[in-house]
Amino acid sequence: MYAISLGDDGAELRPLEVWHAEELLADIDRGREFIGRHIGLPDVVTDLESARAFLASYAEKRGADGGSLHGIWLDGKLVGGLLFRVWDTPSGVCEAGCWLEPSAAGRGLVTRGMRVLFDWAFEERGMHRVEWHVSSVNEPSIRVARRLGMTREGLLRENYPHRGVRTSTEIWSVLAPEWREARARGARGDH
Ligand SMILES: CC(C)(COP(=O)(O)OP(=O)(O)OC[C@H]1O[C@@H](n2cnc3c(N)ncnc32)[C@H](O)[C@@H]1OP(=O)(O)O)[C@@H](O)C(=O)NCCC(=O)NCCS
């Protein structure tokens, strides 16, 4: 299967598909508590059948050009995922999300993978706006949004009931011209 290298540490971005159900379940099992602090994915993926159903729902989205799911493999092991939960070509708006198992955090894997996906969204697919919806207490994810050059637009107060607690969601976004400008600045900085 094809893979995109994310650097010289063996990290790769690949499509995450139905046949990866066992790998996905193992990844979620290793990170169930860490990942579940802020997002519902571990409550959705609880066994092989639900892992397969989650992956099948993204295969369906992909088929309808309404979203996509990508895995991050480190030294051959699935350690997390990146996704476009929402993908609306007519409006040029999509929403990205992610998770990592704890042993893979702190190495820039999500930031590096998201740069590849944002480039694809803006340059190949002509999207205009990528959104990031994040719990207001999810500091690591907010740092990712900031590192990707996103702007905080506002707060949806107590909109998301998660494990019995009403949490608030920050909305961040980056627009195509901002992304290009930041990339150009980064490229100039390389020389
Ligand atoms: C959100 C989440 C993916 C962030 O993980 P992360 O490891 O902090 O994010 P990255 O992979 O981009 O790594 C960035 C960290 O690695 C460091 N890093 C090391 N090498 C790096 C590199 N080459 N490039 C960028 N950052 C690098 C950064 O300094 C940063 O650490 P810091 O935030 O302490 O400064 C993770 O906390 C998670 O899975 N949480 C549970 C699920 C979740 O909340 N998902 C998000 C829903 S909105």
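Above this text you will find the structure in question.
Residues numbered from 1 in each chain as written. Predicted model: local features only at pLDDT ≥ 70, side-chain atom pairs only at ≥ 80, totals over all residues.

Description of the overall build of the protein chain
1) Next: A tally of helices and strands in the protein chain yields six helices and eight strands.
2) Next: Shown N-terminal to C-terminal, the secondary structure of the protein chain runs as helices and strands in the order β-β-α-α-α-β-β-β-α-β-α-β-β-α.
3) Next: A compact globule built from 191 residues should have a C-alpha radius of gyration of about 16 Å, and the protein chain, at 16 Å, falls within 12% of that.
4) Next: By its C-alpha atoms, the protein chain is 45 × 40 × 35 Å across when sized along the principal axes. (Helix = DSSP H or I, 4+ residues; strand = E, 2+ residues; numbered from the N terminus. Rg over C-alpha atoms; globule rule 2.2 N^0.38 Å.)

Let's talk about the site of the ligand
1) Next: As a matter of local geometry, the ligand sits amid 22 residues, with Ala105, Gly108, Val110, Thr111 and Pro140 nearest to it.
2) Next: Of all the secondary structure elements, the ones that give two or more residues to the shell around the ligand are α1 (21-36), β5 (93-100), α4 (109-124) and α5 (139-147).
3) Next: Here the shell around the ligand is built from residues that sort into 12 nonpolar, seven polar and three charged. (Near = placed C-beta within 6 Å. Nonpolar A, V, L, I, M, F, W, Y, C, P; charged D, E, K, R; others polar.)

Concerning the packing of α1 against helix α3 (residues 48-63)
1) Next: Running from N to C, α1 and α3 point in directions that differ by 110°, and their axes come no closer than 9 Å. The orientation of α1 with respect to α3, classified from their angle, is roughly perpendicular. Facing α1, whose interface residues are Ala21, Glu22, Leu24 and Leu25, α3 presents Leu48, Ala51, Arg52 and Leu55.
2) Next: For the contact of α1 with α3, a count of residues per class yields six nonpolar, no polar and two charged. (Axes fitted to C-alpha atoms, helices over the stretch in contact; angles between N-to-C directions. Parallel < 35°, antiparallel > 145°, perpendicular 65-115°, else oblique. Contact = placed C-beta atoms within 7 Å.)

Looking at unusual backbone geometry
1) Next: For Glu158, which is not glycine, the phi torsion reads 45° and is therefore positive.
2) Next: Along the chain, Glu158 falls in strand β7 (residues 151-162).
3) Next: Residue classification places Glu158 among the exposed residues on the basis of 12 C-beta atoms within 10 Å.
4) Next: In the Ramachandran plot, Arg163 falls in the positive-phi region, its phi being about 50° despite a non-glycine side chain. (Buried ≥ 20, exposed ≤ 12 C-beta atoms within 10 Å, placed from the backbone.)

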